[in-house]
2 protein chains.
Amino acid sequence: MSTPQTSTSQTARSTLTRARVLASAVALADREGVGALTMRSLARELGIEAMSLYHHVASKEDLLDGVTDLVVQEIQAAVAGIEPAPEDTPPSDWKHALRRRILTARSVLLRHPWAPAVLETRTGFSPHVVRYHDALVALLRRGGLSYDLVHHAMHALGSRALGFSQELFDPSGPGGDPAPTADDEALLARMADEAPHIVAMLAEVAHEDPESTLGWCDDQTEFEFGLDLILDGLERLAQREAR
Amino acid sequence: MSTPQTSTSQTARSTLTRARVLASAVALADREGVGALTMRSLARELGIEAMSLYHHVASKEDLLDGVTDLVVQEIQAAVAGIEPAPEDTPPSDWKHALRRRILTARSVLLRHPWAPAVLETRTGFSPHVVRYHDALVALLRRGGLSYDLVHHAMHALGSRALGFSQELFDPSGPGGDPAPTADDEALLARMADEAPHIVAMLAEVAHEDPESTLGWCDDQTEFEFGLDLILDGLERLAQREAR
DNA sequence: ACCTGAACACCGTTCAAGT
DNA sequence: ACCTGAACACCGTTCAAGT
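Residues numbered from 1 in each chain as written. Chains lettered and ligands numbered in written order. Predicted model: local features only at pLDDT ≥ 70, side-chain atom pairs only at ≥ 80, totals over all residues. Heavy atoms only, no water.

Under an unreviewed UniProt entry, the name given to chain A is Transcriptional regulator, TetR family, and the organism recorded is Promicromonospora thailandica.

Visitor: How should the overall build of chain A be read in this particular structure?
Guide: Assigned secondary structure in chain A consists of ten helices and zero strands. Nonlocal contacts in chain A, meaning residues at least 24 apart in sequence, comprise 73% of its contacts between residues at least 6 apart. Carbon and sulfur atoms form 53% of the exposed surface of chain A, whose accessible area is close to 12,300 Å². (Helix = DSSP H or I, 4+ residues; strand = E, 2+ residues; numbered from the N terminus. Contact = heavy atoms within 4.5 Å. Areas by Shrake-Rupley, 256 points an atom, 1.4 Å probe, with all protein chains shown as cover.)

Visitor: Looking at this structure, I do not really get the protein's contact with DNA strand D. What am I missing?
Guide: The environment of DNA strand D is formed by 14 residues, the closest being Ser52(A), His55(A), Arg40(B), Met51(B) and Tyr54(B). Looking at DNA strand D alone, sugar and phosphate atoms form 42% of those within 4 Å of the protein. Arg40(B) places a side-chain nitrogen or oxygen 2.6 Å from a base nitrogen of DNA strand D. Between DNA strand D and the protein, one listed contact pairs a phosphate oxygen with a side-chain N or O atom of Lys60(B) at 2.8 Å. (Near = heavy atom within 4 Å. Polar contact = N/O pair within 3.5 Å; in protein donor to acceptor, adjacent residues only side chain to side chain.)

Visitor: Which parts of the structure should I look at to understand helix H6 (residues 127-142) of chain A?
Guide: Three or four residues apart is the spacing at which side chains of an α-helix point the same way, because the helix has 3.6 residues per turn. Residue and element names in this part refer to chain A. For H6, spanning 16 residues, the distance from its first C-alpha to its last is 22 Å, which sits close to the expected 22 Å at 1.5 Å a residue. For H6, the buried fraction is high: twelve of the 16 residues fall into the buried class. For H6, the set of buried residues is His128, Val129, Val130, Tyr132, His133, Asp134, Ala135, Leu136, Val137, Ala138, Leu139 and Leu140. Positioned one or two residues after H6, Gly144 has a phi angle of 100 degrees, which is positive. (Expected span 1.5 Å × (residues − 1). Buried < 20%, exposed > 50% of the residue type's maximum accessible area, 1.4 Å probe, protein only.)

Visitor: I would appreciate a short explanation of a negative patch on the surface in the present structure.
Guide: Taken together, the side chains of Asp148(A), Glu241(A), Glu204(B) and Glu208(B) define an acidic patch exposed on the protein surface. Its location among the elements puts Glu204(B) in helix H9 (residues 196-208). Since its relative accessible area comes to 32%, Glu204(B) is described here as partly exposed. (Patch = residues over 30% accessible without salt bridge, like charges linked within 9 Å, V, L, I, M, F, W, Y side chains within 5 Å. Salt bridge = Lys/Arg side-chain N within 4 Å of Asp/Glu carboxyl O. Lys, Arg positive; Asp, Glu negative; His and termini not counted. Charge placed at Lys NZ, Arg CZ, Asp CG, Glu CD.)

Visitor: I would appreciate a short explanation of the side chain of Arg160(B) in the present structure.
Guide: If you trace the backbone, Arg160(B) turns up in the loop between helix H7 (147-157) and helix H8 (184-191). Accessibility expressed as a relative area gives 6% for Arg160(B), which makes it buried. Non-local contacts of Arg160(B), meaning those with residues more than four positions away in its chain, are made with His155(A), Ala156(A), Ile102(B), Ser165(B), Phe223(B), Gly226(B), Leu227(B) and Ile230(B).

Visitor: When you look at the UniProt feature "domain: HTH tetR-type" (unreviewed entry) in chain A in this model, what are you seeing that I'm missing?
Guide: In this structure's numbering, the residues bearing the UniProt feature "domain: HTH tetR-type" (unreviewed entry) are residues 15-75 of chain A. Annotated as residues 15-75 of chain A, this span is 62% helix and 0% strand, and its ends, taken at the C-alpha atoms, are 27 Å apart. (UniProt positions renumbered as here; feature names shortened; annotations may be inferred.)

Right, dumping it as structure tokens:
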């Protein structure tokens with residue numbers, strides 16, 4: 001009856017399982033970035049040989065599939081704790097319900113800064129990604145939107161539905177450190193010639209909010225602005241449909 | 001006076017220049033995808049040794065920087081042909097002017113399906129990317145929006161400003177072929193359990209438009225829907241500011 | 001100055017061999 | 001059955017050597 005009680009510490013030597021491989025991969029990516037996640041480094045982390053990984057993972061691609069799915073599973077868990085549950089949400093509250101779910105998803109992704117970039121490279125249908133989006137579709141439908149409008153809505157949200165948006169000018173890069181460099185002013189001066197309007201804009205915006213220099217803007221504020229812009233637009237279209 | 005008239009065919013042996021290297025790299029990526037763009041394959045394309053590339057390009061990263069900038073330069077050229085020019089655009093037409101520029105940018109990117117994915121990995125400030133965005137900022141400002149609102153607007157547009165948006169469910173992958181597979185129905189059936197609402201939505205949407213099966217939707221239509229949703233929202237906020 | 005070839009330090013992965 | 005080590009076919013890049 002007494003199954004061997006191996007300790008489940010980090011170096012637990014219990015038989016390797018796909019779940020343990022994936023969990024270890026997420027931890028490694030969190031700590032050192034996806035760039036450091038190689039079959040060899042992951043194996044080293046697990047105290048194993050690189051080739052042994054192929055017994056639990058079909059390929060590197062499969063590993064990345066599993067790893068992103070695990071992150072989205074974490075999102076699912078976080079979102080499951082939101083009350084009221086989707087079924088108990090008053091239909092008219094669909095917008096707030098959606099907003100809360102999406103911002104909760106975002107808060108999870110902030111713990112895995114490398115995840116969005118990997119998520120964007122996945123082409124398959126991760127089970128948890130699908131389930132997450134299904135709940136959003138359900139909420140929108142419950143709010144009275146036609147399936148046609150819901151469909152457009154999901155496309156319009158795009159990756160924002162999962163809580164991230166592509167920042168095209170992000171010197172920290174996807175998952176990098178957010179520290180603005182010291183030569184920001186030099187950069188601004190160099191840009192003044194070719195981008196006078198942007199420079200003027202940043203000068204004024206930075207002036208109003210001395211906290212944030214240059215374009216290193218408040219990601220959270222900007223994300224919510226864009227999200228609300230879309231949600232408000234959808235609400236307007238929904239009301240037009242309802243008439 | 002007679003400079004050697006080397007033919008400028010594909011295999012032109014004229015002295016190698018950075019411009020020729022980058023142009024060749026874009027052509028290679030267009031033909032075989034970014035995955036096929038390696039220092040070695042690019043060198044072969046140019047009838048040269050791999051190491052010779054480093055005389056015109058600092059590194060692979062620098063090559064990708066240059067290559068994306070070249071694509072955006074192509075966008076710039078296409079957008080420059082739009083009339084009326086930004087300076088002659090009636091201020092009240094800012095929304096249409098923006099829309100036309102963005103859709104023109106998109107039409108260029110459709111010729112380089114690999115470009116969006118690479119663009120997203122660039123952290124630096126490509127000169128042409130900055131210039132392109134500067135024109136958008138100018139148009140928005142000319143339309144009477146405050147710099148603060150313009151700033152939010154640019155963040156809300158994100159990569160949409162350059163004509164692309166991240167599709168999270170795109171089985172063709174970034175820059176892949178758009179052909180839906182034959183086992184779509186099998187996939188739908190398998191998904192029915194975990195994503196009943198999505199399946200119901202797709203069934204109805206597909207029913208209305210038998211042309212497009214499953215989620216392999218009309219990218220152009222969806223892009224324009226999302227873009228208009230944002231632009232209309234911005235217009236509304238601009239009007240509120242103007243009061 | 002520009003281009004080359006061999007070599008280095010990495011990848012993901014195949015394969016035959018161990019237990 | 002699970003794990004291993006050597007090996008293969010790739011990468012980007014360094015370096016000393018050619019012209």
